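Given next are the chains, with one letter for each unit.
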Amino acid sequence: MRQSGKSTDRSSGAFEKRHYIGPAFVAAVAYLDPGNFATNMTAGAQYGFLLLWVIVAANLMAVMIQTLSAKLGLVSNTSLAEVIRDELSPVMRILYWAQAELVAMATDLAEFVGAALGFNLLFGIDLKIAALLTAVASFVILGFERKGLRHFEAVIGALVLVIALAFAIQVIEVKPVLRDVAGGLIPGFSGTSSIVLAAGMLGATVMPHAIYLHSDLTKRRMGTIADKKGLLRIQKMDIWAAMLIAGAVNGAMLVIAATVFFGTSQQAETLESIFHGLGTSLGGAAPYLFGGALLISGLASSSVGTMSGDSIMRGFLKMEIPIFLRRSVTMLPAILLLLSGFDPTRALIWSQVALSFGIPFALIPLIRATSSERIMGKYKNQPLTKGISWTIVSIVIVFNVYLLGDLLF
């Protein structure tokens, strides 16, 4: 098995915290993928600041979910996929792996398409050529994983900060009215279509492959260290920092779209129309900041998606294939789709359908595992944590069923 990171067995808390910061930033990329761009910008353009509270709520849910995932890997020294595998028969194990793999691949398809679209918007490159450039760039990013997890985490963390900077500059440029922004923090809807869009925003935030990956990353990096209590504190810091940045970026997307497009005649139904609309309304660097952030988001999240598929296969089947071979296989559907001329925005929408199917299969076992004394010992979920966790799962599943119903029927 490939060893991508080094962990040292230490029995005390006498280790440098900075060495254990990073896994949450890799998981956080899933919360900043092109699907988030599409849903958040559309929400702002159509409903102004109305659904800003959905982003805040979804981000708080993500903190809880990723905390449970990290805790599982740290305490039990097993990934979520491994925990599920041990409870299934051989046939069910393969079926469970297949659905998790398909969901990860569908998500990766949308992320790859988003990166190619970024190349297209920024440089005017034909989508077919952009697809090939995306393939090359994603191989380069994955190359850092071969140097060790810490190198890969550092690169991904840097890309997340670049995305955050791009949107921070845009927010400063559009000068939103703070009173209007504050009004969006009050929960509310405006008709059925806003509920559907809110479901899409939630679906673009809670990512099954990030749940599988986070537990695997913390297991590989820290599972053998004896000071579990100290590491749990550090991981909470890691998660809050990463999710705060991700939540701020998602909120910025909606704020920018609400300020620029809401109440105007400008079209903002696709990523392409948003890019051109920013150029028309703001000019200057605004559209290029958006396009650059989209490109970086697609490349980073696609690379993380490939790692997720690797951890899923390793966990369920105890098998592993070279990471570059996996990248070649998983990018093939996206390349074929782009070469065929299929609408990129529709690809993003249908990836959300596949994603919605996979959410319960990751969330429910995660809560059951982290609530088990056999698996977690004294670190098992307490009643309050269990209550909050099951409430989150119920909300996520209900919203995603609602979204599936709207998209399919």
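Values in this document were obtained by computation on a predicted structure and should not be read as measured data. (Residues numbered from 1 in each chain as written. Predicted model: local features only at pLDDT ≥ 70, side-chain atom pairs only at ≥ 80, totals over all residues. Heavy atoms only, no water.)

(A) Highlighting the overall build of the protein. Within the protein, the secondary structure is distributed over 17 helices and 0 strands. For 409 residues, the compact-globule estimate of 2.2 N^0.38 gives 22 Å, and the protein sits close to it at 20 Å. A principal-axis box enclosing the C-alpha atoms of the protein has dimensions of 60 × 45 × 45 Å. Relative to its full complement of 409 residues, the protein shows a buried share of 60%. In the protein, once contacts between residues fewer than 6 apart in sequence are set aside, the share between residues at least 24 apart is 85%. For the protein, the centre of its 31 positive side-chain charges and the centre of its 24 negative side-chain charges are spaced 9 Å apart. (Helix = DSSP H or I, 4+ residues; strand = E, 2+ residues; numbered from the N terminus. Rg over C-alpha atoms; globule rule 2.2 N^0.38 Å. Buried < 20%, exposed > 50% of the residue type's maximum accessible area, 1.4 Å probe, protein only. Contact = heavy atoms within 4.5 Å. Lys, Arg positive; Asp, Glu negative; His and termini not counted. Charge placed at Lys NZ, Arg CZ, Asp CG, Glu CD.)

(B) A look at helix α12 (residues 271-281). Burial in α12 covers these residues: L271, E272, S273, I274, F275, G277 and L278. G283 lies just past α12 and shows a positive phi near 65 degrees.

(C) Representation of the side chain of H214 in the model. Residue position: H214 is located in helix α10 (residues 208-222). Ignoring any residue separated from it by four or fewer positions in sequence, one finds H214 in contact with P23, A24, A27, Q66, S69, A70, Q235 and I239.

(D) Spotlight on the pattern of salt bridges. If you walk through the whole model with that rule in mind, you get 12 salt bridges. E87 serves as the salt-bridge partner of R368, at 3.5 Å between the closest nitrogen and oxygen. Separated by 281 residues along the polypeptide, R368 in helix α15 (residues 344-370) and E87 in the loop between α4 (80-85) and α5 (90-123) bring together distant segments of the chain. On the accessibility criterion, E87 (45% relative accessible area) is partly exposed. Among the salt bridges present, the one from R220 reaches D216, with a minimum N-O distance of 3.4 Å. With R220 and D216 both in helix α10 and 4 residues apart, the pair spans about one turn of that helix. When sorted by exposure, R220 lands in the same class as D216, which is buried. Through salt bridges that share partners, E145, D216, R220, D310, R314 and E320 make up one connected network. (Salt bridge = Lys/Arg side-chain N within 4 Å of Asp/Glu carboxyl O.)

(E) Seen up close, the environment of A286. Relative to the elements of secondary structure, A286 occurs in helix α13 (residues 286-317). Taking the relative accessible area as the measure of exposure, A286 reaches 0% and is therefore buried. For the pair A286 and H276, spaced 10 residues apart in sequence, the C-alpha separation works out to 9.8 Å. With near-sequence residues (within four places) excluded, A286 lies in contact with Q170, E173 and L278.

(F) The nonpolar core, seen in detail. I156, F167 and F290 are the most contacted members of the largest nonpolar core, which has 81 residues in total. If one sorts the elements of this core by residue count, helix α7 (residues 149-174) sits on top with 11 residues. Setting aside its immediate chain neighbours within four residues, F167 contacts F37, V249, A252, M253, I256, F290 and A293. Ranked by size, the runner-up nonpolar core spans 40 residues in total, among them I211, I225, I312 and V396. (Core = buried A, V, L, I, M, F, W, Y, C linked by side-chain atoms within 4.5 Å.)

(G) Quick look at the packing of helix α3 (residues 52-76) against α10. Running from amino to carboxyl end, α3 crosses α10 at an angle of 35 degrees, the nearest separation of the two axes being 7 Å. Classified by chirality, the crossing of α10 by α3 is right-handed. Within the contact between the two elements, α3 uses I65, Q66, S69, A70, L72, G73 and L74 and α10 uses A210, I211, H214, S215, T218, K219 and M222. Looking at side-chain class alone, the contact of α3 with α10 contains 7 nonpolar, 6 polar and 1 charged residues. (Axes fitted to C-alpha atoms, helices over the stretch in contact; angles between N-to-C directions. Left-handed = near helix turned anticlockwise from the far one by under 90°. Nonpolar A, V, L, I, M, F, W, Y, C, P; charged D, E, K, R; others polar.)

(H) Structural detail: the confidence of the model for the protein. The predicted model of the protein averages 88 in pLDDT, with 93% of residues at 70 or higher. The least confident element of the protein, judged by mean pLDDT, is α15 at 81; the most confident is α4 at 97. Note that residues 1-15 has pLDDT below 50 and, in this model, 35 contacts with residues that lie over four places away or in other chains. (pLDDT = per-residue confidence, 0-100.)

(I) Molecular detail of a nonpolar patch on the surface. Among the surface-exposed residues, V56, L60, L185 and W240 lie close enough to one another that they form a single nonpolar patch of about 400 Å² accessible area. Relative to the elements of secondary structure, L60 occurs in helix α3. Taking the relative accessible area as the measure of exposure, L60 reaches 48% and is therefore partly exposed. (Patch = residues over 30% accessible without salt bridge, like charges linked within 9 Å, V, L, I, M, F, W, Y side chains within 5 Å. Areas by Shrake-Rupley, 256 points an atom, 1.4 Å probe, with all protein chains shown as cover.)

(J) Expanded view of the packing of aromatic side chains. Taken as a whole, this structure holds 9 aromatic pairs when the rule is applied. Judged by centre distance (5.5 Å) and plane angle (65 degrees), the rings of F37 and F167 are edge-to-face. Here F167 lies in helix α7 and F37 lies in helix α2 (residues 34-47), a separation of 130 residues in the sequence. What makes F167 buried here is its relative accessible area of 0%. Ring geometry for F139 against F324: centres 5.7 Å apart, planes inclined by 40 degrees, an arrangement best described as tilted. Placement of F139 in helix α6 (residues 127-143) and of F324 in helix α14 (residues 323-339) is noted, with a sequence separation of 185 residues between them. Note on F139: relative accessible area 27%, which makes it partly exposed. The rings of Y96, Y212, F316 and F361 are connected pair by pair, giving a single aromatic cluster. (Phe/Tyr/Trp six-rings, centres within 6.5 Å; stacked < 30°, edge-to-face > 60°.)

(K) Examining the environment of A58 more closely. Structurally, A58 can be placed in helix α3. When sequence neighbours within four positions are dropped, the list of residues in contact with A58 reads L202 and T205.

(L) Quick peek at the side chain of T134. Relative to the assigned elements, T134 resides in helix α6. Setting aside anything within four residues of it in sequence, one finds T134 in contact with F112, A115, A116, F119 and L299.

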